[in-house]
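# Architecture and fold: a report
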Amino acid sequence: MKIATASGKGGTGKTTVSVALAQAFETPVCLIDCDVEEPNSAFFLKPDPESRQDVTVPVPKINADVCTACGACSAFCVFNAIAVAGESAMVFPELCHSCGGCMKICPEHAITEEPVQVGEINRGTSGRITALEGRLKIGSAMAPPLIRAAKKAAPPGVPVLIDAPPGTSCPMITAVSGSDFVVLVTEPTPFGLNDLILAVETVRTLGIPFGVIINRSDSGDDRVVRYCEKEAIRILLQIPESRKIAEAYSRGDGLLSAEPELADRFREIIRNIESETER
Amino acid sequence: MKELVVISGKGGTGKTSVTGSFAALAENAVLADCDVDAADLHLLLKPEIKEEHEFFSGFQAKIRPEECTGCGQCHELCRFDAVIRDKGSVRIDPFSCEGCGVCVEFCPANAIDFPEALCGKWFKSETRHGPMVHAKLGIAAENSGKLVATVRDQAKKAAEAAGSDWLIIDGPPGTGCPVIASITGTGAVLVVTEPTLSGEHDLLRVLQLTQHFKIPAFICVNKWDINPEMTARIENAAGSAGATVLERIPYDASITRAQIQGQSIVEFNDGAAATAIQTLWETLCQKMK
């Protein structure tokens, strides 16, 4: 079983919810932090580190002795990652999507590939939880390949929780695709609702079942509840605004250490998702 | 014309609330929302759309089933697992397709089309605080970095044409492609953070990015009184990372009430947060002179 936590809007409590779900599991579980631009789950899980693995993508390398500067590679590359300058082609690795097309199209076989690091995956354990974290290298724009690598690193046969990045574009879609269920976390404000609607449209397009958790549920108005009722979207949980939770969060203490009685509610959510996805 | 981009690293720290207030405080400014994934600034500024443009970017491979021989060459070549073979038929998963064109080029039957992809829309609008350029990324569309670059370019053109003093940009969270597209070559960034471990961590990562691009960075801590010790620690760390520490903004529940009224906090009241943001703006004007 694979459950992703996503949001549209940032800062609504995705990591808080993912960590609480992981801690509520009574069997081994794997949490993958796919918010690779700004991974935060380790603050709350405090995993014992086990390993670190570099993640690379293949980027073309031109053999200038063989290259005739014919321009076939740069004409092919839709990402403008290769240009012909003078007597040889030149690569812009930060624009390359690693499709391998230039290498195949080069009539002189002058292109090979070399690995370029985009980030790393950190693995650790925290009790029953295997914690995986993707961490994008600063300056790298290529989050999706790292997210794909982090998802592939999950141990087999264990339920997987995915802490997705905010937004609704490539990194979020790469993180949630293939999930059995998506938990959308929002807040009861105009910004929260606007971004929830975008996230709902996205997961509906992907065809994944989902439910909503309203965080700081008494901090705004009832617009999110009304929207969910109108759209027949299940509200899984409402977490009231609380200075205690906010202060615990600021120190790196998770929701369940501030409000231990919520653990049962998260177990119920997990059971419901399990029985729904088995059907 | 001075360009300021408001970013945060971590999402939800108050970028849009601060940007919306700056829009109200600045004279002769053009506003832009570069958080095209989850744009919210329009909820405060209520733009009246004057121009609407379709945004095409990149391509999308599409198999013509009647000409496909089912040979599977495209499946072999695709590095994005976007070609799905299903009981002898082959199709392309549009959400996984990167639009690289490898399958199109090497299909032995020449059976794959490669149309340009419609990724969203961008708008030129008028607001009560001046012109605004913003966008809506298509649902499950790619290329948000390129749409960000388009919004920023168009806003810059509008600001130059109007002889504006300011271009104020609401940026995206994170450190990846949309942030890079929002900040490269800008005059300065303001990083809005919060006094939490995550806020600190994400701020320091985004400051590495601004240093990488040699962009002057200002920071302000929002909801600073949630954890005063952490606020002091973050300000120290930001100072050591080369950023200029500006005003602290106190936690103020009326920011949400203002948002519900579709107003920035400085228009809504003159409470603690509004006063702090006003001082923050005045300080920024001094520093960016």
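Note that this is a predicted model, so its numbers are computed, not measured. Starting afresh in each chain, residues are numbered from 1 along the sequence in its written order. Whichever chain is written first is A, and whichever ligand is written first is 1; the rest continue in order. Where local features are concerned, this predicted model is filtered to residues with pLDDT of at least 70; where side-chain atom pairs are given and counted, the filter is 80 or more; whole-chain, interface and lining totals use all residues.

This part covers the interface of chain B and chain A. You'll often see interface size given as the accessible area lost when the parts meet. Any two residues are considered in contact once their C-beta atoms, placed from the backbone, lie within 7 Å. Between chain B and chain A, the residue contacts involve 50 residues of the former and 51 residues of the latter. Going through the elements one at a time, β3 (48-59), α4 (102-106), α5 (144-162), α6 (177-183), α7 (197-212) and α9 (254-260) of chain B are the ones with two or more residues in the side of chain B that touches chain A. Here the side of chain B that touches chain A is built from residues that sort into 20 nonpolar, 21 polar and 9 charged. By the criteria applied, helices consist of DSSP H or I runs no shorter than four residues and strands consist of E runs no shorter than two, each listed in order from the N terminus. Three classes are used, and their members are as follows: Ala, Val, Leu, Ile, Met, Phe, Trp, Tyr, Cys and Pro are nonpolar, Asp, Glu, Lys and Arg are charged, and the others, Gly among them, are polar.

Residues and elements named next belong to chain A. Taking strand neighbours across the sheet as the criterion, the 9 strands line up as β3-β6-β7-β2-β8-β1-β9-β10-β11 in an open arrangement whose pairing is mixed. In the strand order of this sheet, the two ends are held by β3 (48-62) and β11 (235-239), each with one partner. In this sheet, adjacent strand axes meet at a mean angle of 20° when their direction is disregarded. As paired strands, strand β9 (residues 181-186) and strand β10 (residues 210-215) are joined by 5 bridges and run parallel to one another. What sits directly across from Val-182, in β10, is Phe-210. Two strands pair if DSSP finds at least two bridges between them. Interaxial angle, 0 to 180 degrees, is taken between N-to-C directions of lines fitted to C-alpha atoms, where a helix line uses only the stretch in contact.

Residues and elements named next belong to chain A. We call a residue exposed when 12 or fewer other C-beta atoms sit within 10 Å of its C-beta, buried when the count reaches 20 or more, and partly exposed for counts in between; the C-beta positions come from the backbone. Here strand β8 (residues 160-163) shows a buried face lined by Val-160 and Ile-162 and a second buried face lined by Leu-161 and Asp-163. Pairing of strand β2 (residues 29-33) with β8 involves 4 bridges; the strand directions are parallel. Bridge pairing in β8 links Leu-31 to Leu-161.

Let us now look at the packing of α7 of chain B against helix α8 (residues 228-240) of chain B. Residues and elements named next belong to chain B. Interaxial distance between α7 and α8 falls to 10 Å at its minimum, and their mutual angle equals 10°. Relative to α8, the element α7 is oriented roughly parallel. Between α7 and α8 the crossing geometry is right-handed. Contact residues: α7 offers Gly-199, Glu-200, Leu-203, Leu-204 and Leu-207, while α8 offers Met-230, Arg-233, Ile-234, Ala-237 and Ala-238. Looking at the contact of α7 with α8 residue by residue, the class counts come to 7 nonpolar, 1 polar and 2 charged. Angle categories: roughly parallel below 35 degrees, roughly antiparallel above 145, roughly perpendicular from 65 to 115, and oblique for all the rest. Crossing chirality is assigned from the near helix's rotation relative to the far helix, an anticlockwise turn below a right angle marking it left-handed and a clockwise turn marking it right-handed.

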